[in-house]
Amino acid sequence: MRLTAGAIELPALASAHSHAFQRGMRGEAQRPGPSGSDDFWSWRTAMYALAASLTPESIHAISKVAYRELRAAGVRTVGEFHYVHHQPDGAPYADRTVLADAVIEAARAEGLRIALLRVVYARAGAGRAPEGAQRRFSDGSLDAALADVEALRARYAGCDDVRVGVAPHSVRAVPPAWLGEIARYAAERGLMVHMHVAEQPAEIEACLAETGRRPVELLAERGVLSERFVAVHATHLAPHEPALLGAARAFACLCPTTERDLGDGLPDVGALRGAGVRLCVGIDSHVITDPFEDLRGVELGERLRTGKRVTLRGEGTPAEALWEIGSRRGAEACGFADAGGSISIRRDAPALALVREERLLDAVVYSGSPAIVDD
Ligand SMILES: [Zn+2]
């Protein structure tokens, strides 16, 4: 943190897990659904309806709206977990990566660095072919998916503001047999690997039924865990699973504003940090664009879960630890070496009135919002 006359300079924020097109359903999933029982899976039905309707033009336009708002909120790096690849019937576009390119161009147009995490998706669940909108996400073979990763890597090889990674969607959507091959492919090229892990109890039950392993156990067994692996959510882990992630020096990307919106539950932040897992945060569904809320949600969720206050202990202040999680860690999880510059916080922002100079970062983290960012 650096104080100048009227501003506080801080490393720029990073949002390591985003589905930009979901910005298009803001306000659309906050009323009771027809089933009378709303949960993650009924929300997913609404999200699939939007995913089914996307065109190259609309995904570009929606992504620009999403990224413009992120940029104004102090974010300079986004990890885009991109899974809508093909036409509505599942047939590839003539230009196979047209949707990924539309998203990348939206980020660059709005001044964000982007890690395009090209999702690999194969099935609705164990032994079940893709259904409905999932046909747009799915590739008939792993080779086809990795060929698209290769095409994107070649196209953006000279671009400092673009990284390309690979993202097996989840243990539900990717067969166990593909996992080791994806890990080897990424290791040979030094690519980041992002994956939804243990977001919902049903995913864990299905994984146990199919493989006899919990998700993180399966990933460890198949060689997926590494210092380039990012476990998104890591909400419902057994007590020994953070140690598996930590031993590999993997990341966990927590998405507090989305996880609470979806009723996902609270991760055991203390266990993850204690095991040496590197934490970062992501906006995920774009239900609200407030990276400050995602940041402090890491600590405030842990307070709700444990009934304790100030759970982040270690070197430096909790606010310093959280800012590191929200800036450099997230950029690293996206494959960038640094935060990518700094942002300015307005010292005269109403939210910072009466705050002592030596407590400014505490107030920025625990009481700030995009309104204090000087764009
Ligand atoms: Zn996600």
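Residues numbered from 1 in each chain as written. Predicted model: local features only at pLDDT ≥ 70, side-chain atom pairs only at ≥ 80, totals over all residues. Heavy atoms only, no water.

Looking at an unreviewed UniProt entry, one finds the chain named Amidohydrolase-related domain-containing protein and attributed to Sorangium cellulosum So0157-2. Looking at the chain in UniProt, the text filed under Cofactor (unreviewed entry) is "Zn(2+)". (UniProt positions renumbered as here; feature names shortened; annotations may be inferred.)

A word on the coordination of the zinc ion. For the zinc ion, the full set of protein donor atoms is His 17 (NE2), His 19 (NE2) and His 196 (NE2), at a range of 2.1 to 2.2 Å. Sequence positions of the residues that donate to the zinc ion give the spacing H-x1-H-x176-H. Side by side, His 17 and His 19 carry an identical accessibility label, which is buried. (Donors = N, O, S within 2.8 Å, 3.2 Å for Na, K, Ca; no water. Buried < 20%, exposed > 50% of the residue type's maximum accessible area, 1.4 Å probe, protein only.)

Another aspect to go through is the pairing of strand β7 (residues 193–197). Across the five residues that make up β7, a large majority, five, are buried. Because side chains alternate across β7, one face comprises the buried residues Val 193, Met 195 and Val 197, and the other comprises His 194 and His 196, equally buried. Note: β7 against strand β8 (residues 229–233), five bridges, orientation parallel. Each residue of the ladder has a partner; that of Val 197, found in β8, is His 233. (Helix = DSSP H or I, 4+ residues; strand = E, 2+ residues; numbered from the N terminus. Pairing = 2+ DSSP bridges.)

Before going further, it helps to examine helix α3 (residues 98–109). Owing to its 3.6 residues per turn, the α-helix brings residues three or four apart onto one side. When the terminal C-alpha atoms of α3 are compared, their 16 Å separation across twelve residues agrees well with the 16 Å that a helix rising 1.5 Å per residue should span. Buried within α3 are the following residues: Leu 99, Ala 100, Asp 101, Ala 102, Val 103, Ile 104, Ala 106 and Ala 107. On its buried face, α3 sits against α2 (56–72), β4 (75–82), β5 (113–120), α4 (134–137), α5 (142–155) and β6 (162–168). Where α3 terminates, the next one or two residues include Gly 111, which has phi positive at roughly 80 degrees. (Expected span 1.5 Å × (residues − 1). Contact = heavy atoms within 4.5 Å.)

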